[in-house]
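Breakdown of the fold
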Amino acid sequence: MTSSHLVLGSAGLLLAIGLVMVFSASSIEAALDNQSAWEPGVQQLVWAGLGVGAMLVALRLPIGLIRRWSPIALIVVAAMLLLVLVPGIGVKLNGARQWFDLGFALLQPSEIAKLVFALWGAHVLALRERYLTTSSLLVPVLPVFGVLAVLVIAEPDFGGVVSLGLVLVGLLWAGGMPLRWFGWAVVAGAALLGAVMAFSVERRDRITSFLDPFADPTDGGFQAIRGLYALATGGFWGVGLGNSAMKWNLLPEAESDFIFAIIGEELGFLGCLVVVTLYGVLAWAGFRIAWRSADRFIQLASVGITVWLVGQAAMNMGYVVGLLPVTGVTLPLISAGGTSLILTLFIVGLLARFARSEPAAIEAQRAQTRGRLARFLLPVPAAPVDPVRPRRLPEDRAPARSVGSGRTVLHTRSGPSRRTPARAGAPDSAAPARSEAPRPRTAAPREPLARRQPPARSPRRPGRPG
């Protein structure tokens, strides 16, 4: 259960830090807007409560149910990305039409698209695992990524496209893509970025402003300069929780996009180091789940989700410290936001669910005695089911029947082992292994040789040779 504890523990600490910092970063701006200083923080606390509920739902989801519904969810998400572009249906804020107005909150379908694409891609690659080549690895996943990326860039949401690309990189890396293909992908991405910069002056200025933000301190480099000032003011120990000066409407989006700068100002270098360490623990736990799992779908999905979460956090912290262009992606589990926080906690629940499906974790859960509430909230996952033949299997085996050979191959951790099929009329299941000790004799002992009588010969028929 170590992987599950690491995922839930690191995510819980990041969520606690995020709630405290949202209260601190948004209070002054809310008070200046004639609102209650506690209102944004309380609202974030409500979203966190809903996100914890979504996390508990994810902890109870069967893996087979996730795989069956992932293609349908992909179609629904593509339709949502189309509808959000329609004026009157999608809400346009800050020059981008990427939200649905639900009345009580804003729903961003591009965030849901990242999770659905990760689960669908893992499902497809797991189904094609036996016949997977470089072309078959790219054909089902790359075209779908292209369609989703075009819909997201039409909003426009450049940061969403980059995050979607992180999911693609995680899936292809876990699927076994050769490293030279990633090199060609970097070259192609650089060429595409150059074409975008050539045809759009606004995007070019936004992308290149991080190289010298002081060249345009009132427009392109405004946020970057304020973020650097916040980090420089914090120093090693910070100015103290709640004592930030940049949150007095000096740093735009201080509670969402640039909340890492407020952390650096109030908590100093030590606070930033704690945040970076927790993301590192979350990354290590996600890769540990993929390494220890016996299910190929769980391996692919864990790597894709982990690369996405940690990569998005690295992008946010990178542009705050001036190493990357400002893309507007949020800091997972820390930045203010409703849809992103609920979705991120749901993803954390999925990772913990994958961790609890490890063979050793299932044995540990079945061995310990738990209360009724614990069994209701965190039921023991069932044994994996072969999608080709729906029957229960051992935890560490995945059957693969070779066509026309008459033998069954069992792929175990120690390697493939062959066995002969059962006798005719017997069920097609694994025969029990023979015991090394001889079986006890149940029949009566034979008579001595002297008492044995030869068997009577049958009389010969006349006319036949003897």
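Per-chain numbering applies: the sequence of each chain, read as written, is numbered from 1 onward. Reporting in this predicted model follows two pLDDT cut-offs: at least 70 for local features of residues, and 80 or more for side-chain atom pairs to be given and counted; totals over whole chains, interfaces and linings ignore these cut-offs and use all residues. No hydrogens and no water enter the side-chain calculation; it runs on all heavy atoms of the structure.

A short note on empty space enclosed by the protein
Over the atoms a probe the size of a water molecule is rolled, and this reveals where empty space is left. Here a cavity means grid points, on a 1 Å grid over the protein atoms only, where a 1.4 Å probe fits yet cannot get out; a pocket means an open set of points with protein on both sides within 12 Å along at least five of seven lines; lining residues are those with an atom within 4 Å of a point. Grid points are joined across faces, edges and corners, and a volume is the space filled by probe spheres set on the points. Taken as a whole and judged by the stated rule, the model has two cavities of 30 Å³ or more. Taken as a whole, the largest cavity encloses approximately 100 Å³ of empty space. Along the walls of the largest cavity sit 15 residues, with Gln312, Thr330, Pro332, Ser340 and Thr344 positioned nearest its centre. Of all the secondary-structure elements, those providing two or more residues to the lining of the largest cavity are α12 (296-320) and α13 (339-355). A per-element tally of the lining of the largest cavity places α13 first, with five residues. Residues are grouped as follows: Ala, Val, Leu, Ile, Met, Phe, Trp, Tyr, Cys and Pro are nonpolar; Asp, Glu, Lys and Arg are charged; all remaining types, including Gly, are polar. Considering only residue class, the lining of the largest cavity consists of nine nonpolar, five polar and one charged. What the second largest cavity holds in volume is close to 40 Å³. In terms of lining residues, the second largest cavity is bounded by Phe210, Pro213, Ala224, Leu228, Tyr319, Gly322, Leu324 and Val326. Per-class residue counts for the lining of the second largest cavity are seven nonpolar, one polar and no charged. A run of DSSP states H or I qualifies as a helix once it reaches four residues; a run of E qualifies as a strand once it reaches two. Both are numbered from the N-terminal end.

Regarding the pairing of strand β1 (residues 90-93)
One bridge is not enough; two strands pair if DSSP finds at least two bridges between them. In this sheet, strand β2 (residues 96-101) lies alongside β1 in antiparallel orientation, the contact comprising four bridges. Each residue of the ladder has a partner; that of Lys92, found in β2, is Arg97. Taken together, β1 and the strand that follows it, β2, pair antiparallel across an intervening segment of two residues, in which Asn94 is found at a positive phi of about 55°.

Concerning the packing of helix α7 (residues 158-175) against α12
Note on geometry: axes are lines fitted to C-alpha atoms, helical ones only across the stretch in contact, with angles between N-to-C directions running from 0 to 180 degrees. Axis separation between α7 and α12 bottoms out at 8 Å; the angle between their running directions is 140°. The element α7 and its partner α12 pack so that their crossing is right-handed. On α12, the residues touching Val162, Ser163, Leu166, Val167, Gly170, Leu171, Trp173, Ala174 and Gly175 of α7 are Arg296, Leu300, Val303, Gly304, Val307, Trp308, Gly311, Gln312 and Met315. Looking at the contact of α7 with α12 residue by residue, the class counts come to 11 nonpolar, six polar and one charged. Crossing handedness is defined as follows: a turn of the near helix away from the far one that is anticlockwise and smaller than a right angle gives a left-handed crossing, while the clockwise case is right-handed. Whether two residues touch is decided by their heavy atoms; if any such pair falls within 4.5 Å, the residues are in contact.

Structural notes on the sheet that holds strand β3 (residues 106-107)
The three strands lie next to each other as β1-β2-β3, forming an open sheet whose pairing is antiparallel. Each of the sheet's edge strands pairs with one partner strand only, and the pair in question is β1 and β3.

What about the confidence of the model for the chain?
On a range of 0 to 100, pLDDT expresses the predictor's confidence in each residue. Looking at the chain, pLDDT values average 78 and 74% of them are 70 or higher. Summarising per-element confidence for the chain, the mean pLDDT is lowest in strand β5 (residues 408-412) (39) and highest in helix α11 (residues 259-292) (93). For residues 447-452, every residue scores under 50 in pLDDT, and the model assigns this stretch two contacts once sequence neighbours within four places are set aside. Residue range residues 462-466 is modelled with pLDDT below 50. Its contacts to residues more than four positions away, or to other chains, number one contact.

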